[in-house]
Amino acid sequence: DGGITQSPKYLFRKEGQNVTLSCEQNLNHDAMYWYRQDPGQGLRLIYYSQIVNDFQKGDIAEGYSVSREKKESFPLTVTSAQKNPTAFYLCASSLTGYTEAFFGQGTRLTVV
Amino acid sequence: AQSVAQPEDQVNVAEGNPLTVKCTYSVSGNPYLFWYVQYPNRGLQFLLKYITGDNLVKGSYGFEAEFNKSQTSFHLKKPSALVSDSALYFCAVRDSNNAGGTSYGKLTFGQGTILTVHP
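Reading guide: rules and limits
- Residues numbered from 1 in each chain as written.
- Chains lettered and ligands numbered in written order.
- Predicted model: local features only at pLDDT ≥ 70, side-chain atom pairs only at ≥ 80, totals over all residues.
- Heavy atoms only, no water.
- Helix = DSSP H or I, 4+ residues; strand = E, 2+ residues; numbered from the N terminus.
- Buried < 20%, exposed > 50% of the residue type's maximum accessible area, 1.4 Å probe, protein only.
- Contact = heavy atoms within 4.5 Å.
- Polar contact = N/O pair within 3.5 Å; in protein donor to acceptor, adjacent residues only side chain to side chain.
- 1 Å grid on protein atoms, 1.4 Å probe; cavity = no way out; pocket = protein on both sides within 12 Å on 5 of 7 lines; lining within 4 Å.
- Points joined across faces, edges and corners; volume = space filled by probe spheres on them.
- Buried area = accessible area lost by both parts, 1.4 Å probe.
- Salt bridge = Lys/Arg side-chain N within 4 Å of Asp/Glu carboxyl O.
- Nonpolar A, V, L, I, M, F, W, Y, C, P; charged D, E, K, R; others polar.
- Disulfide = S-S within 2.5 Å.
- Core = buried A, V, L, I, M, F, W, Y, C linked by side-chain atoms within 4.5 Å.

Draft legend 1. Focus on the environment of Gln-6 of chain A. All names here are of chain A. Counting through the fold element by element, Gln-6 comes out in strand S1 (residues 4-7). Residue Gln-6 is classed as buried on the basis of its relative accessible area of 11%. Measuring from C-alpha to C-alpha, the distance between Gln-6 and Gln-105 comes to 6.5 Å, with 99 residues separating the pair along the chain. In this structure Gln-6 touches Ser-22, Trp-34, Tyr-89, Leu-90, Cys-91, Gly-104, Gln-105, Gly-106 and Thr-107, once residues within four positions along its chain are discounted. Polar contacts involving the side chain of Gln-6 include one to the main-chain amide nitrogen of Cys-91, which spans 2.9 Å. Of the polar contacts made by the side chain of Gln-6, one reaches the backbone nitrogen of Gly-106; its length is 3.0 Å.

Draft legend 2. Highlighting empty space enclosed by the protein. Under the criterion given, the structure shown has one cavity of 30 Å³ or more. Each pocket or cavity is described by its volume, and for the largest cavity that value is around 30 Å³. As for the largest cavity, its lining consists of Lys-9, Tyr-10, Phe-88 and Arg-108 of chain A together with Asn-41 of chain B.

Draft legend 3. Expanded view of the interface of chain B and chain A. Counting residues at the interface gives 25 residues for chain B, matched by 26 residues for chain A. With both sides pooled, the region where chain B packs onto chain A buries about 2,100 Å², and carbon together with sulfur makes up 50% of that total. Between Lys-106 of chain B and Asp-59 of chain A there is a salt bridge, and its shortest N-O distance comes to 3.0 Å. Between chain B and chain A we count 13 residue pairs in polar contact (both at pLDDT 80 or more) in total. Where the side of chain B that touches chain A is concerned, the elements lending two or more residues are strand S5 (31-38), strand S6 (44-50) and strand S10 (87-95) of chain B. It is S5 of chain B that provides the largest number of residues to the side of chain B that touches chain A, a total of four residues. A class-by-class count of the residues in the side of chain B that touches chain A yields 12 nonpolar, nine polar and four charged.

Draft legend 4. Region of interest: the state of the cysteines. Scanning the model with the defined rule gives two disulfides over all chains in all. There is a disulfide in this structure between Cys-23 of chain A and Cys-91 of chain A, and the S-S distance comes to 1.8 Å. Classification of the bridge connecting Cys-23 of chain A and Cys-91 of chain A rests on its S-S torsion, roughly -75°, and on that basis the disulfide is left-handed. Here the residue Cys-23 of chain A occupies a position in strand S3 (residues 19-25), and Cys-91 of chain A occupies one in strand S9 (residues 87-94), the gap between them amounting to 68 residues. A single burial state applies to Cys-23 of chain A and to Cys-91 of chain A, both of which are buried. A sulfur-sulfur distance of 2.0 Å marks the disulfide that ties Cys-23 of chain B to Cys-91 of chain B.

Draft legend 5. Spotlight on the pattern of salt bridges. The final tally for this structure, using the stated rule, is eight salt bridges over all chains. Lys-77 of chain B is the salt-bridge partner of Glu-66 of chain B, the closest N and O atoms lying 3.3 Å from each other. Remark: Lys-77 of chain B occurs in strand S9 (residues 73-78) and Glu-66 of chain B occurs in strand S8 (residues 64-68); sequence separation between them is 11 residues. For Lys-77 of chain B, a relative accessible area of 28% corresponds to the partly exposed category. Among the ionic contacts, a cluster of salt bridges with common partners joins Arg-36, Asp-38 and Arg-44 of chain A.

Draft legend 6. Fine view of the nonpolar core. Residue and element names in this part refer to chain B. Counting residues in hydrophobic clusters, the biggest one holds 27 residues, and the most contacted among them are Trp-35, Leu-47, Leu-48, Phe-74, Leu-76 and Tyr-89. Put simply, the parts of the chain that give this core at least two residues each are strand S2 (10-14), strand S3 (19-21), S5, S6, S8, S9, S10 and strand S12 (113-118). Ranked by residue count, the leading element in this core is S10, at four residues.

Draft legend 7. Inspection of unusual backbone geometry at higher detail. Geometrically, the link from Ser-7 of chain A to Pro-8 of chain A is a cis peptide bond, its omega value of -10° lying close to zero. Topologically, Pro-8 of chain A is positioned in the loop between S1 and strand S2 (10-13). The phi dihedral of Asn-28 of chain A is positive, around 60°, even though this residue is not glycine. At Thr-72 of chain B, a residue that is not glycine, the phi angle is positive and equals roughly 45°.

Take a look at the structure:
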C-alpha cells in the first residue's frame, strides 16, 4: 500500500524540549517537503529536499532542522529555538520538482 | 519570489449552483499550478494541475480550473456544487525558472479558502 506515513498523529511535548516528527514515503519520490499549518495562515514551507543528502530552507526554517539520509525518509526536528511550535505539521512528497505533491495525514504537535 | 493569493477567505454557495474559488499567482517563469482540498484534521488531497496545454483542466470530483496567463489566475470551478464539497481549498504554484537553482522544486501555497455549500 503506497503512500506517505507521518507519525505520530498527535504529539505532546514540554516547552524547551526538542522533538522529531517522522515522515516516510514508499512512492519512490525524489522530492520531500515539510509544511506548517496554522489557522488562517495556510501552509508555510519549512524545508524541502529534491535529492538525498540535500535540502533547502523554506520560508520559515528558523527553529527547525531536517535530514535526508535516505530517499524514503525526511524527519523534521522542532528545536527549543522555535518560539511557537504548537501547530499542525504536514509532510509531502513529489516524483520530481515539477509534479504534484502528495501529503501525509499530518502530525498535530502541542507544546505545553 | 513565487507567491499565491486566494483573495477570498470564505465562499458560500447553495447546493446545485456553480462555484468558483479564486487564485492568482506570481512567478518569474512559467507556472505549474495545482489545486488541493483538505478536510478537517487531514492531509491535503490533490484535485488537479496545470502544467502546459489546454487552459481548461479537469480534475477529480467534477472540479475544473481555468488558467489565464494574462490575468495570472487559476480559478477553481464546479458547475453544480454538492454539500460534500464543503472543505478548505488550497491553490499552489511552482516556478519553471527555478530549474537548476537552489529553489528548484519549491512549492508555495495560498492561504486557503473555506468553501461552504448550503443545502
